[in-house]
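The residues making up each chain are set out below.
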Amino acid sequence: SAVISQKPSRDICQRGTSLTIQCQVDSQVTMMFWYRQQPGQSLTLIATANQGSEATYESGFVIDKFPISRPNLTFSTLTVSNMSPEDSSIYLCSAARGVSFSYEQYFGPGTRLTVT
Amino acid sequence: GENVEQHPSTLSVQEGDSAVIKCTYSDSASNYFPWYKQELGKRPQLIIDIRSNVGEKKDQRIAVTLNKTAKHFSLHITETQPEDSAVYFCAATISAVNSGGSNYKLTFGKGTLLTVNP
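What counts and what doesn't
- Residues numbered from 1 in each chain as written.
- Chains lettered and ligands numbered in written order.
- Predicted model: local features only at pLDDT ≥ 70, side-chain atom pairs only at ≥ 80, totals over all residues.
- Heavy atoms only, no water.
- Phe/Tyr/Trp six-rings, centres within 6.5 Å; stacked < 30°, edge-to-face > 60°.
- Buried < 20%, exposed > 50% of the residue type's maximum accessible area, 1.4 Å probe, protein only.
- Pairing = 2+ DSSP bridges.
- Helix = DSSP H or I, 4+ residues; strand = E, 2+ residues; numbered from the N terminus.
- Disulfide = S-S within 2.5 Å.
- Polar contact = N/O pair within 3.5 Å; in protein donor to acceptor, adjacent residues only side chain to side chain.
- Salt bridge = Lys/Arg side-chain N within 4 Å of Asp/Glu carboxyl O.

**Points about the packing of aromatic side chains**
The description of two aromatic rings rests on the distance between their centres and on the angle between their planes. Throughout the structure, instances matching the rule amount to 13 aromatic pairs over all chains. Ring geometry for tyrosine 25 of chain B versus phenylalanine 33 of chain B: centroids 4.7 Å apart, planes at 45°, classification tilted. One exposure class covers both tyrosine 25 of chain B and phenylalanine 33 of chain B, and it is buried. Members of the aromatic cluster, each reached through a chain of ring pairs, are Phe33, Tyr35 and Phe107 of chain A together with Tyr36, Phe89 and Phe108 of chain B.

The following block contains the structure:
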């Protein structure tokens, strides 16, 4: 399995500010994703992070609010922009090798964001 | 898009009993079905998965079954232990080359809170 790290692990931010979350994978992976998990809820896909090109966003999520970068196969960032209390959530990145029928997708430890 | 329904939302069993969690999916093109266990404050952990060319898969005390015709799959945990207590999520995805952008995108069920009472 891939080892995935995220930072920061948690943060408390003021409304109107932005936070960038980093995700690092220990080996090259084909697919990287960003999810949001609100307290007591399931995981919702925000976007697919594409290496060297614009991310693919799911319905309800837009680039201006959640800009994503993926400069190489092992690193991605998610920025939560112009934050409001409704953005308080856990943000998780995940990765899948996607080769040789290895469909397994593994998650980072998450970033717990509180917006005041 | 894909829609995954998961039942029950909560499940309480006595230690040693079996637990079964069921999921249904809507997109007949989905071909990969993982199950994740999430303990409080932790990341989701992949515990077992099944591909559409297989009807059943077992790993020690856990097993997953898949019925492609009915579009449902289930997680079975036998001889439950207190450390099995967690939230379990099922998911579905289309995992294939040239799948129209759906590669590996997981759609999750709403989760089942399993409590194993000692």
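Picking up after the structure, the text goes on.
**Things to note about the pairing of strand β7 (residues 68-72) of chain A**
Residues and elements named next belong to chain A. Of the strand pairs in this sheet, β7 and strand β8 (residues 75-80) are connected by three bridges, and their pairing is antiparallel. Residue serine 69 lies in a different strand from β8, and its bridge partner there is threonine 77. Connecting the antiparallel pair β7 and β8 is a turn made up of two residues.

**Points about the state of the cysteines**
Residues and elements named next belong to chain A. Taken as a whole, this structure holds two disulfides over all chains when the rule is applied. Between the sulfur of cysteine 23 and that of cysteine 93 lies a disulfide, 2.0 Å long from S to S. Its torsion about the S-S bond being 70°, the disulfide of cysteine 23 and cysteine 93 is classed as right-handed. In this pair, cysteine 23 sits in strand β3 (residues 19-25) while cysteine 93 sits in strand β9 (residues 89-96), placing the two residues 70 residues apart along the sequence. A relative accessible area of 1% means that cysteine 23 is categorised as buried. The exposure class of cysteine 93 is buried, given its relative accessible area of 1%.

**Brief notes about the side chain of threonine 77 of chain A**
Residues and elements named next belong to chain A. You can see threonine 77 is positioned in strand β8. Its relative accessible area of 12% is what places threonine 77 among the buried residues. Within the structure, the side chain of threonine 77 is placed 2.6 Å from the side chain of serine 69, a separation counted as a polar contact.

**What to know about the pattern of salt bridges**
Residue and element names in this part refer to chain B. Taken as a whole and judged by the stated rule, the model has five salt bridges over all chains. With a shortest N-O distance of 4.0 Å, glutamate 39 and lysine 37 are connected by a salt bridge. Take glutamate 39: its relative accessible area is 34%, and that puts it in the partly exposed class. By relative accessible area, lysine 37 is classed as buried at 14%. A salt bridge links aspartate 49 to lysine 57, with the nearest nitrogen and oxygen atoms 2.7 Å apart. Residue aspartate 49 is classed as buried on the basis of its relative accessible area, which comes to 7%.

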